[in-house]
Amino acid sequence: PPPQQPKKPLALKPVTGRAAAKPIDNTALCVSGGTIAKASDAEMRQAVITTIGVILSACAFGVGVAVTRGKEVAMEFFAGYLVEQSLSVDNLFVFILLFEYFRVPASMQEKALRWGIIGALLMRGVMILVGVELVQRFRVVTLLFAGVLLASAAKLLTEGDHDDEEMGNNSLVRLSKAVTKSVEYYDGDKFFTKLRDGSRAATPLLLCVVCIELSDFVFAVDSIPAVLAITKDPFIVYSSNIFAIAALRSLYQVLSAAIAGLPYLRPAVALILGFVGLKMLAEYYHIHVPTSWSLGVIVATLGGGIALSLWCPPPQKK
C-alpha cells in the first residue's frame, strides 16, 4: 500500500543563522530532522582516515605523473588539485545549509552526497572537455574566463556568509521545486513516493540532491577556469577535479564543525581565485607565469589563511 502522509508534514524552513556550522566539542555536525546532532567519535575517526587516504592517493598520483610525464606536469597537477580542493570548501557551506533547509536526516545525508558526487563527476567531465576546446579554439575565451575568476574573487571578498540569504528564496531551491512535483515529507530513503491517486512525487531527498547538482554546476563555472589557468591538459584538469571531489563526502563530516573556526579560509580562497584570474589574463598577453610560482602562491595563501584563523582569530561579535 502507498505510504500514509503524516499528520504533520515535515516543514521546509529557511535557515537564518550559522547554527548548522557552529562548532560543538570539536566533533562533526550532522543535520537530523531539523536538529543538530554530533557525529560519534568512530564516525569522525573514519571520516578523518578517509580524507587522509584520498589526499595521500592524490599525492601518489602526482608522483606517478612526475615519473611518467615529467616534473612540470606533476606541478600542474598539484597546483590544480590544491585550487580545486580549496574551492570545494566553499561547497561545504552550501551542503550544510541544504541539509538544514530540507531537514535531511543524518542517515540519508551520505546517500545525498554520494549521488551528488557521481553527478558532479559526470557533469564536470563534459564541462572540462568543452572548456578546453573553447580555450584552444577561441583565444578570447581566456579573457572571459579571467573575468569570471576575478569577479568571483571580488564577490567572495565582499559578500557575507552563505546563510545571510534565506534558502527558501534561493534561486536554485526555487528552480528545483518548480521543475519537480514534490511533497514535503520523507518516504524512507526513497527519491520518489507514491501518492493516493497513483502518481509519483519527489521527496525532499531528491530535491536536495538536485540542488547539490545545481550548486556544483555554479561552482564549476569558477573552478574549471581556475584550473585551466594552470594547465590546458584535459587529463590533468579532470584528474585534479576527481581527487578534489572524491574527498568531499568525508571532508564534509570533518570540516562541518571546524569550518566556522576558520574565518580567514574563504578570503584566502578568494585571493587564490584572483591570482589565477590574473595569471590567465597575463597569458592572454603572452606573459608566462611559471607553474612553480603558481604552486608556491597557492600553498602559501591557503596555508596562511588556515594559520591566521588558528593563531589570530578575529574578535567574537557580542
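Residues numbered from 1 in each chain as written. Predicted model: local features only at pLDDT ≥ 70, side-chain atom pairs only at ≥ 80, totals over all residues. Heavy atoms only, no water.

Asker: Sorry if this is basic, but what is going on with the overall build of the protein here?
Answerer: The helix and strand tally for the protein stands at 10 helices and 4 strands. Secondary structure of the protein in N-to-C order comes out as β-β-α-α-α-α-α-β-β-α-α-α-α-α. Among the 318 residues that make up the protein, the fraction classed as buried is 50%. Contacts spanning at least 24 positions in sequence make up 78% of the contacts within the protein whose residues lie at least 6 apart. On the protein, roughly 15600 Å² of surface is accessible, and the fraction owed to carbon and sulfur atoms is 65%. (Helix = DSSP H or I, 4+ residues; strand = E, 2+ residues; numbered from the N terminus. Buried < 20%, exposed > 50% of the residue type's maximum accessible area, 1.4 Å probe, protein only. Contact = heavy atoms within 4.5 Å. Areas by Shrake-Rupley, 256 points an atom, 1.4 Å probe, with all protein chains shown as cover.)

Asker: Whenever I open this one, helix H4 (residues 140–158) confuses me. Can you help?
Answerer: Along an α-helix, a turn takes 3.6 residues, which lines up residues three or four apart on a common side. Compared with the 27 Å implied by 1.5 Å per residue over 19 residues, the 28 Å span of H4 between its first and last C-alpha is a close match. Looking only at H4, the buried set comprises Val141, Thr142, Phe145, Ala146, Leu149, Ser152, Ala153 and Leu156. Angularly, the buried residues of H4 cover 145° about the axis, an arc narrow enough to put them on a single face. Exposed residues pointing more than 90 degrees away from the buried face of H4 are listed as Val140, Leu144, Lys155 and Thr158. (Expected span 1.5 Å × (residues − 1). Arc of directions from axis to C-beta.)

Asker: Just checking my understanding: could you explain the packing of aromatic side chains for this structure?
Answerer: Enumeration over the complete set of coordinates arrives at 9 aromatic pairs. Taking 5.5 Å as the distance between ring centres and 65° as the angle between the ring planes, the aromatic pair formed by phenylalanine 77 and phenylalanine 78 counts as edge-to-face. Between tryptophan 115 and phenylalanine 191, the aromatic rings sit 6.3 Å apart at their centres with planes inclined by 80°, giving edge-to-face as the arrangement. One end of the pair, tryptophan 115, is in helix H3 (residues 106–137); the other, phenylalanine 191, is in the loop between helix H5 (171–179) and strand E3 (192–194), and 76 residues separate them in sequence. The exposure class assigned to tryptophan 115 is partly exposed, which follows from its relative accessible area of 41%. Here a set of aromatic residues connected by ring pairs shows up, and it is made of Phe61, Phe77, Phe78, Tyr81, Phe235 and Phe243. Positioned above the aromatic ring of phenylalanine 191, the side-chain terminus of lysine 111 is 4.6 Å from the ring centre. (Phe/Tyr/Trp six-rings, centres within 6.5 Å; stacked < 30°, edge-to-face > 60°. Lys NZ or Arg CZ within 6 Å of the ring centre and 35° of its normal.)

Asker: Could you clarify how one ought to interpret the nonpolar core in this entry?
Answerer: Nonpolar side chains in soluble globular proteins tend to be buried together. In terms of nonpolar packing, the biggest core is built from 34 residues, with Val83, Ala226, Leu228 and Leu273 touching the most fellow members. Broken down by secondary-structure element, the contributors of at least two residues to this core are helix H2 (71–101), H3, H4, helix H6 (204–228), helix H9 (265–284) and helix H10 (291–311). Among the elements that line this core, the one with the most residues is H9, at 7 residues. In this view, valine 83 contacts Ala226, Ile230, Ile272, Val276 and Ile298; residues no more than four positions away in its chain are not counted. Ranked by size, the runner-up nonpolar core spans 30 residues in total, among them Ile96, Phe191, Leu205 and Leu206. (Core = buried A, V, L, I, M, F, W, Y, C linked by side-chain atoms within 4.5 Å.)

Asker: Quick question: what am I supposed to make of H6 here?
Answerer: With 25 residues, H6 extends 36 Å from end C-alpha to end C-alpha; this agrees with the ideal 36 Å at 1.5 Å per step. The principal kink in H6, of about 35°, is found at alanine 220. (Bend = angle between axes of the 7 residues up to and from the residue.)

Asker: Mind showing me how you'd approach a nonpolar patch on the surface here?
Answerer: There is a patch of nonpolar side chains on the surface, built from Val126, Val130, Leu134, Phe138 and Val140 and spanning about 440 Å² of accessible area. Here the nonpolar patch takes 3 residues from H3, the largest share from any one element. Positionally, leucine 134 belongs in helix H3. (Patch = residues over 30% accessible without salt bridge, like charges linked within 9 Å, V, L, I, M, F, W, Y side chains within 5 Å. Salt bridge = Lys/Arg side-chain N within 4 Å of Asp/Glu carboxyl O.)

Asker: What's the story with the environment of serine 88 in this structure? I'm lost.
Answerer: Residue placement: serine 88 occurs in helix H2. Given a relative accessible area of 8%, serine 88 falls into the buried group. Taking the C-alpha atoms as reference points, serine 88 and isoleucine 245, separated by 157 residues in sequence, lie 7.4 Å from one another. Once residues lying within four places of it in the same chain are set aside, the contact partners of serine 88 are Ala244 and Leu248.

Asker: Explanation requested: the environment of alanine 246 in the structure shown.
Answerer: Within the secondary structure, alanine 246 sits in helix H7 (residues 234–246). Among the residues examined, alanine 246 registers a relative accessible area of 40% and is labelled partly exposed.

Asker: Would you mind showing me how to read the packing of H3 against H7 here?
Answerer: Angle between the axes and distance between the axes are the two parameters that describe a pair of packed helices. At their nearest, the axes of H3 and H7 sit 10 Å apart, and the two run at 160° to each other. Between H3 and H7, the interaxial angle falls into the category roughly antiparallel. Helix-helix and strand crossings are classified by hand; for H3 and H7 the assignment is right-handed. In this structure, H3 contributes Ile117, Ala120, Leu121, Arg124, Gly125, Ile128 and Val132 to the contact, and H7 contributes Pro234, Val237, Tyr238, Asn241, Ile242 and Ile245. Its residues assigned to classes, the contact of H3 with H7 comprises 10 nonpolar, 2 polar and 1 charged. (Axes fitted to C-alpha atoms, helices over the stretch in contact; angles between N-to-C directions. Parallel < 35°, antiparallel > 145°, perpendicular 65-115°, else oblique. Left-handed = near helix turned anticlockwise from the far one by under 90°. Nonpolar A, V, L, I, M, F, W, Y, C, P; charged D, E, K, R; others polar.)

Asker: Can you help me understand the packing of H4 against H9 in this one?
Answerer: Between H4 and H9, the shortest axis-to-axis distance is 8 Å and the interhelical angle comes to 160°. In terms of orientation, H4 lies roughly antiparallel with respect to H9. Remark: the crossing between H4 and H9 carries left-handed chirality. Between H4 and H9, the contacting residues are Val140, Thr142, Leu143, Phe145, Ala146, Leu149, Leu150, Ser152, Ala153, Leu156 and Leu157 on the first element and Arg266, Pro267, Val269, Ala270, Leu273, Gly274, Val276, Gly277, Leu278, Met280, Leu281 and Tyr284 on the second. Residue composition of the contact of H4 with H9, by class: 18 nonpolar, 4 polar and 1 charged.

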